[in-house]
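Each chain is listed here by its residues.
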Amino acid sequence: MTSNPVVRPEIIEFYTRSNEAARLQTTATGSLEFTRTRELLRRHLPPAPARVLDVGGGPGAHARWLADDGYIVHVVDPVPKHVTQAATIDGVTAELGDARRLAAAAGTYDVVLILGPLYHLHDQHDRISALTEAARVARPGGVIAAAAISRYSPLLDYIATTGITEPRIQGGVRDTLAQGRYSGQRGFTVAYFQTSSELCAEITDAGLTDPTIYGVEGPGWVAVKAIEKYTGANLMGTDMYEAALAAARMAEPHAALSDASAHVLAITGPGPV
């Protein structure tokens, strides 16, 4: 186990009181994120039973399907509640830890996932430290996948929910667009949001090369979120959900659309299988 992770207390408090375990399963936008992340990872993963380190893996949403697919999965997370939840999943082990200071020995994992830590590390040095640690514990030729929240997602989100009409929200969105910092005005905690080009540059600065960049949810997530908010309907499994999913897949080859997703995913290592 690593030493106690040094994480801003408001981040720990947010995840302790929120139901992160259900977030990806209860709304169409959450399902888009989950489904697309899983399908993108499956293109690059080596065959099971490869060893997967899920850094910042939360309560184990992705660890669960990875274990079901036959992978050997270990979760590291700074939130005690998440570690307890992840450890209950069959085939998954979990420990309290910090993405910037992993306990694992060098070259011990075939796959390292960093699907949450980067957007809770405000300082570039810390983000590069997390990426460098991922590279250290991955075996030569291993797969590393890192996710970021798009710099433009608050603007798009607040359009969908009409929060953008509030002067206080406008000020926060302007700050995020200019600097990437999000102060947690509504519905989330303090965070740092990146452009796909910034994510790519930091991966390169960490000594990793040739990342493939994907927009996760595609441009249709905004319409899905707006419809769910203003009709009260759950769009999972509907034609609108399927349209957003199809749009995300069609947008993949077009780099200009990557940042229109709520999340951006960078994968280094062997190409798609």
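Residues numbered from 1 in each chain as written. Predicted model: local features only at pLDDT ≥ 70, side-chain atom pairs only at ≥ 80, totals over all residues. Heavy atoms only, no water.

Describing the packing of aromatic side chains
Two descriptors summarise a pair of aromatic rings, namely the distance from one centre to the other and the angle between the planes of the rings.
Then, in step 1: Scanning the entire structure with this criterion turns up 4 aromatic pairs.
Then, in step 2: Geometrically, the ring pair formed by phenylalanine 14 and tyrosine 15 is edge-to-face, given 5.0 Å between the ring centres and 80 degrees between the ring planes. Judged on exposure class, the residue phenylalanine 14 and its partner tyrosine 15 are both buried.
Then, in step 3: Between the aromatic rings of tyrosine 182 and phenylalanine 188, the centroid separation amounts to 6.5 Å while the plane-to-plane angle is 40 degrees, which identifies the pairing as tilted.
Then, in step 4: Note on tyrosine 182: relative accessible area 4%, which makes it buried. (Phe/Tyr/Trp six-rings, centres within 6.5 Å; stacked < 30°, edge-to-face > 60°. Buried < 20%, exposed > 50% of the residue type's maximum accessible area, 1.4 Å probe, protein only.)

Here we look at the environment of isoleucine 89
Then, in step 1: Summarising the element assignment, isoleucine 89 is placed in the loop between helix H5 (80–86) and strand S3 (92–96).
Then, in step 2: Distance from isoleucine 89 to alanine 67, taken between C-alpha atoms, is 8.5 Å for residues 22 residues apart in sequence.
Then, in step 3: Not counting residues within four places of it along the chain, the set of residues in contact with isoleucine 89 comprises Pro59, Gly60 and Arg64. (Helix = DSSP H or I, 4+ residues; strand = E, 2+ residues; numbered from the N terminus. Contact = heavy atoms within 4.5 Å.)

Things to note about empty space enclosed by the protein
Then, in step 1: If you walk through the whole model with that rule in mind, you get 1 cavity of 30 Å³ or more.
Then, in step 2: The computed volume of the largest cavity comes to approximately 40 Å³.
Then, in step 3: Considering the residues around the largest cavity, the lining is formed by Gly215, Gly218, Ala248, Ala251, Glu252, His254, Leu257, Ser258 and Ser261. (1 Å grid on protein atoms, 1.4 Å probe; cavity = no way out; pocket = protein on both sides within 12 Å on 5 of 7 lines; lining within 4 Å. Points joined across faces, edges and corners; volume = space filled by probe spheres on them.)

Considering the pattern of salt bridges
Then, in step 1: Summed over the entire model, instances satisfying the criterion amount to 19 salt bridges.
Then, in step 2: Across the salt bridge formed by glutamate 20 and arginine 23, the nearest N and O atoms sit 3.2 Å from each other. Highlighted residues: glutamate 20 and arginine 23, both in helix H2 (residues 20–26), separated by 3 residues, approximately one helical turn.
Then, in step 3: Using a relative accessible area of 18% as the deciding quantity, one classes glutamate 20 as buried.
Then, in step 4: Here glutamate 202 makes a salt bridge to arginine 127, at a shortest N to O gap of 2.8 Å. Residue glutamate 202 is found in helix H9 (residues 196–205), and its partner arginine 127 is found in helix H6 (residues 124–137); the two are separated by 75 residues along the sequence. Here glutamate 202 matches arginine 127 in class, with each residue buried. (Salt bridge = Lys/Arg side-chain N within 4 Å of Asp/Glu carboxyl O.)

Side note on the environment of isoleucine 169
Then, in step 1: Mapped onto the elements of the fold, isoleucine 169 is located in helix H8 (residues 167–179).
Then, in step 2: For isoleucine 169, a relative accessible area of 0% gives the class buried.

Purely spatial values, then, with no claim about function.
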